[in-house]
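One letter stands for each residue in the lines below.
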Amino acid sequence: MIKKEANNKARQRRHLRVRKNVSGTKEVPRLNVYRSNNGIYAQVINDVDGKTLTSSSNLELKIKNGGNIEAAKAVGKDIAEKCLKLKIKKVVFDRGGYQYHGRVSALADAAREAGLEF
């Protein structure tokens, strides 16, 4: 249990390091990713106003096992479609302190294929 807490604190430090350079505006919001063992979540955030513009997750899409690449692809496609409905074409990607690999990479690639630019 102690190792999990240490890993999460290290991830949070990495996330703060990324957030120093990545910020979302009204024109180009931030696409944030959070992943857990059982799920993956994405939010599009306007940091200037401090508002979440849209979000998606495996829970919202009724995908039981959100801890796999297929769920990440579905969430990426869904978040891109929601952004395009809101006339958001460009975002900055915030990997949330996670390695750009596996589910995080799959979500980003699916969002790009569905029409988002970053």
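All values reported here derive from a predicted model rather than from experimental measurement.

1. Description of the overall build of the chain
Right, so step 1: A count of helical and extended segments in the chain gives three helices and four strands.
Right, so step 2: Along the chain, helices (α) and strands (β) appear in the sequence α-β-β-β-α-β-α when read from the amino end.
Right, so step 3: Taking 118 residues into account, the globule formula puts the C-alpha radius of gyration at 13 Å, and the chain, at 14 Å, falls close to it.
Right, so step 4: Summarising its shape, the C-alpha atoms of the chain cover approximately 45 × 35 × 20 Å along the three principal directions.
Right, so step 5: In the chain, which comprises 118 residues, the share counted as buried stands at 39%.
Right, so step 6: Counted over contacts in the chain with a minimum sequence separation of 6, partners at least 24 positions apart contribute 59%.
Right, so step 7: Within the chain, the 12 negative side-chain charges are centred at a point lying 6 Å from the centre of the 25 positive side-chain charges.

2. Some thoughts on helix α1 (residues 2–19)
Right, so step 1: When the terminal C-alpha atoms of α1 are compared, their 26 Å separation across 18 residues agrees well with the 26 Å that a helix rising 1.5 Å per residue should span.
Right, so step 2: Those residues of α1 that fall on the buried side of the exposure criterion are A10, R11, H15 and V18. Projection of α1 onto a plane perpendicular to its axis shows the buried side chains occupying an angular sector of 145°, all on one side. For α1, the exposed residues lying more than 90 degrees away from the buried face are I2, K9, R13, L16 and R17.

3. Describing the packing of helix α2 (residues 69–85) against helix α3 (residues 103–113)
Angle between the axes and distance between the axes are the two parameters that describe a pair of packed helices.
Right, so step 1: The N-to-C vectors of α2 and α3 enclose an angle of 35°; their axes lie 7 Å apart at closest approach. In the crossing of α2 with α3, the sense of the turn from one axis to the other is right-handed. Where α2 abuts α3, its residues I69, A72, K73, V75, G76, K77 and A80 lie against R103, A106, L107, A110 and A111.

4. Considerations on the packing of aromatic side chains
Right, so step 1: For the coordinates displayed, the defined rule picks out four aromatic pairs.
Right, so step 2: Relative to Y100, the ring of F93 lies with its centre 5.9 Å away and its plane at 90°, an arrangement referred to as edge-to-face.
Right, so step 3: A relative accessible area of 17% means that F93 is categorised as buried.
Right, so step 4: Since its relative accessible area comes to 39%, Y100 is described here as partly exposed.
Right, so step 5: Members of the aromatic cluster, joined through ring pairs, are Y34, Y41 and Y98.

5. A look at the confidence of the model for the chain
Right, so step 1: Confidence along the chain averages 95 in pLDDT terms, with 99% of residues attaining 70 or more.
Right, so step 2: Within the chain, α1 has the poorest average pLDDT of any element, 90, and α3 the best, 98.

What counts, and where the lines are drawn
Counting restarts for each chain, with residues numbered from 1 along the sequence as it is written. Residue-level local features of this predicted model are given only where pLDDT is at least 70; pairs of side-chain atoms are given and counted only at 80 or more, and the full residue set underlies all totals for whole chains, interfaces and linings. Heavy atoms from the whole structure form the basis of all side-chain values; hydrogens and water molecules are not counted. The helix and strand labels rest on DSSP assignments: H or I over at least four residues marks a helix, E over at least two residues marks a strand, and numbering proceeds from the N terminus. For the radius of gyration, the atom set is restricted to C-alpha positions; the globular benchmark scales as 2.2 Å times the number of residues to the power 0.38. The buried label applies to any residue whose accessible area, calculated with a 1.4 Å probe on protein chains only, is under 20% of its type's maximum; exposed applies above 50%, and partly exposed to all values in between. Contacts were defined at the residue level, with two residues in contact if any of their heavy atoms lie within 4.5 Å. Only four residue types enter the tally: Lys and Arg on the positive side, Asp and Glu on the negative side, with His and both chain ends excluded. Taken as the charge centre is NZ of Lys, CZ of Arg, CG of Asp or CD of Glu, depending on the residue. An expected span of 1.5 Å times one less than the residue number is assigned to each helix. Note that the arc is defined by the directions from the helix axis to the C-beta atoms. For helices, the axis comes from a line fit to the C-alpha atoms of the stretch in contact; other axes are also lines fit to C-alpha atoms, and the angle between any two N-to-C directions lies between 0 and 180 degrees. Two helices crossing with the near one rotated counterclockwise from the far one by less than a right angle form a left-handed crossing, whereas a clockwise rotation gives a right-handed crossing. Side-chain rings of Phe, Tyr and Trp, where Trp is taken by its six-membered ring, are said to pair if the distance between their centres is within 6.5 Å; with planes under 30 degrees apart they count as stacked, over 60 as edge-to-face, and otherwise as tilted. What pLDDT reports is the predictor's confidence in each residue, on a scale of 0 through 100.

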